[in-house]
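Chain residues, written in single-letter form:
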Amino acid sequence: VTALDSGILVLTGGTGGAKLVRGLERALGGAALGVIVNTGDDLTCWGLRVSPDIDSVTYALADLLSRERGWGIEGDTFQCLDQMRRLGAPAWFQLGDRDLALHLTRTELLREGKTLTETTAEIAKAFGISARILPMSDDAVETRVLTTEGELSFQEYFVRERFRPQVKSVRFIGAENATPAPGVLAGIASAAAVVIAPSNPITSIGPILAVPGIRDALRWTDAPVIAVSPIVAGAAVSGPAGDLMKAAGLPVSLEGIALAYADFLDVLVADSQDVGAHVSDSQIELLFTDTIMRTDDDKLRLAQFIIAVAMDRHRKVMVG
Ligand code: GDP
């Protein structure tokens, strides 16, 4: 029995976050882990409902995630994609052959009238996952990226255009009328610790925070809120987080991450490469450790570090 019986709740996108979620599951066990996942990148592809970040988290927890690609299933093939291309279908968003089974299942469950929360739970159960995976909302929220070449969906910007167009701004259509998925607010309120994964602060964590109620729940929870920086040595570890932060007027640095989460963040876990850096908000405790997750051991070690920080904070709260 640990001080973390009420569990760790993670807010995440699909790449950096999925790796940490896998580490936390190994360190803690699935029963003590909840994950709130960005759905702003969701899309319909070939008539199928795809939730890229939920898929990555699901595959990570089922130990199916491709290590080399960081998305989709390890060792998957792409014969259906080749055939779709021959038929003239858009082929820039790659769905693997085995991966299709998940999207077919989700699409069918949604068509039967199940919510995305129910659908996600049913698929997780079929994969034998004991952690709780929750979409941020059952309502549609669509991340749109305004670039110098026009407004694009997140996947058009990220996958089709390989985040080359210059970003002017980002908006989340539908967010203001969305409701947090069942369990999200209660989970934040009752968690022993909340972890903001090393995910894109603008297009992965941003949409989650844009759902009314979630940001307030983070401000009000008694649980410590601990973020892992996706920015290391002044640049994103991968992907367009740097460009997107610049477009949002944030410096591409630990300071930028601290500013993005200033109203609710207690601890910022930064990479050892940044030792010596500081953030101007004295309310935020800055800690350094190795945060680059290449191997399963890297993921486990970072997870154990975060759990130790959470337990330490928890003890301080208990002692007063
Ligand atoms: P997305 O949904 O694919 O955008 O995935 P996320 O938002 O979860 O992850 C993307 C972010 O993760 C990027 O900003 C990267 O800088 C960061 N990232 C990826 N791998 C790592 C890692 O191993 N360590 C850290 N600290 N950050 C990472």
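Structural data are supplied above this passage.
Treat the numbers as computed from the prediction; the structure is a model and nothing was measured.

(A) Highlighting the nonpolar core. Counting residues in hydrophobic clusters, the biggest one holds 49 residues, and the most contacted among them are L11, I188, Y261 and L268. For this core, the element with the highest residue contribution is helix α11 (residues 254-260), accounting for four residues. Dropping the residues within four chain positions of it, L11 is found in contact with I36, V194, V195, I196, A197, I205, I208, L209 and L218. Counting residues in each nonpolar core, the second largest holds 39 residues, with L24, V57, I133 and A303 among its members.

(B) Inspection of the site of the ligand at higher detail. Around the ligand lies a shell of 20 residues, among which T15, S199, N200, S204 and T291 are the nearest. Measuring from an oxygen atom of the ligand, one finds a backbone N or O atom of G16 at 3.0 Å. Within the backbone of P198, an N or O atom sits 2.8 Å from an oxygen atom of the ligand. Burial of the ligand by the protein amounts to 96% of the accessible area it has alone, namely 590 Å². It is helix α1 (residues 16-28) that provides the largest number of residues to the shell around the ligand, a total of three residues. Partitioned by chemical class, the residues of the shell around the ligand number seven nonpolar, eleven polar and two charged.

(C) Molecular detail of the sheet that holds strand β14 (residues 285-289). Reading across from one edge, β5-β2-β1-β9-β10-β13-β14 is the order of the seven strands in this open sheet, with parallel pairing throughout. Looking along the sheet, the strands with just one partner apiece sit at the ends: β5 (132-135) and β14. Across the sheet, the axes of successive neighbouring strands diverge by a mean angle of 20°, strand direction being ignored. Bridging between strand β1 (residues 8-12) and strand β2 (residues 33-37) involves five bridges; their strand directions are parallel.

(D) Summary view of the packing of α1 against helix α2 (residues 52-61). With their axes 9 Å apart at the nearest point, α1 and α2 run at an angle of 35° to one another. The crossing of α1 and α2 is right-handed. Contact with α1, carried on its side by A18, V21, R22 and E25, involves S56, V57, A60 and L61 of α2 and no other residues of that element. Split by residue class, the contact of α1 with α2 holds five nonpolar, one polar and two charged.

(E) Examining the side chain of H103 more closely. By the secondary structure assignment, H103 is in helix α4 (residues 99-111). Under the relative-accessibility criterion, H103 is labelled buried at 1%. Leave out the neighbours within four places in its chain, and H103 touches L48, R49, V50, D55 and L95.

(F) Focus on the packing of aromatic side chains. Within the structure shown, the criterion is met by seven aromatic pairs. Taken together, a centroid distance of 6.1 Å and an interplanar angle of 85° make the contact between W92 and F93 edge-to-face. On the accessibility criterion, W92 (29% relative accessible area) is partly exposed. For F93, a relative accessible area of 11% puts it in the buried group. Note on F154 and F158: the rings are 5.2 Å apart at their centroids and 20° apart in plane angle, and the pair reads as stacked. Here the residue F154 and the residue F158 both occupy positions in helix α6 (residues 154-160), the gap between them amounting to four residues, near one helical turn. Using a relative accessible area of 30% as the deciding quantity, one classes F158 as partly exposed. Here the aromatic residues F154, Y157, F158 and F163 are joined through ring pairs into a cluster of three or more. When the ring centre of W71 is taken as origin, the NZ or CZ atom of R69, which lies over that ring, is 4.7 Å away. Above the face of the W92 ring, R160 is positioned so that its terminal group lies 5.8 Å from the ring centre.

(G) Here's a closer look at the pairing of strand β9 (residues 193-196). Along β9, one buried face is formed by A193 and V195 and the opposite face, lined by V194 and I196, is buried too. Where β1 lies against β9, four bridges are found, and the strand directions are parallel. Each residue of the ladder has a partner; that of L9, found in β9, is V194. Here β9 runs beside strand β10 (residues 225-228); their pairing, made up of three bridges, is parallel. Among the inter-strand pairings, I196 is bridged to a residue of β10, identified as A227.

The rules we used
- Residues numbered from 1 in each chain as written.
- Predicted model: local features only at pLDDT ≥ 70, side-chain atom pairs only at ≥ 80, totals over all residues.
- Heavy atoms only, no water.
- Core = buried A, V, L, I, M, F, W, Y, C linked by side-chain atoms within 4.5 Å.
- Buried < 20%, exposed > 50% of the residue type's maximum accessible area, 1.4 Å probe, protein only.
- Helix = DSSP H or I, 4+ residues; strand = E, 2+ residues; numbered from the N terminus.
- Contact = heavy atoms within 4.5 Å.
- Near = heavy atom within 4 Å.
- Polar contact = N/O pair within 3.5 Å; in protein donor to acceptor, adjacent residues only side chain to side chain.
- Areas by Shrake-Rupley, 256 points an atom, 1.4 Å probe, with all protein chains shown as cover.
- Nonpolar A, V, L, I, M, F, W, Y, C, P; charged D, E, K, R; others polar.
- Pairing = 2+ DSSP bridges.
- Axes fitted to C-alpha atoms, helices over the stretch in contact; angles between N-to-C directions.
- Left-handed = near helix turned anticlockwise from the far one by under 90°.
- Phe/Tyr/Trp six-rings, centres within 6.5 Å; stacked < 30°, edge-to-face > 60°.
- Lys NZ or Arg CZ within 6 Å of the ring centre and 35° of its normal.

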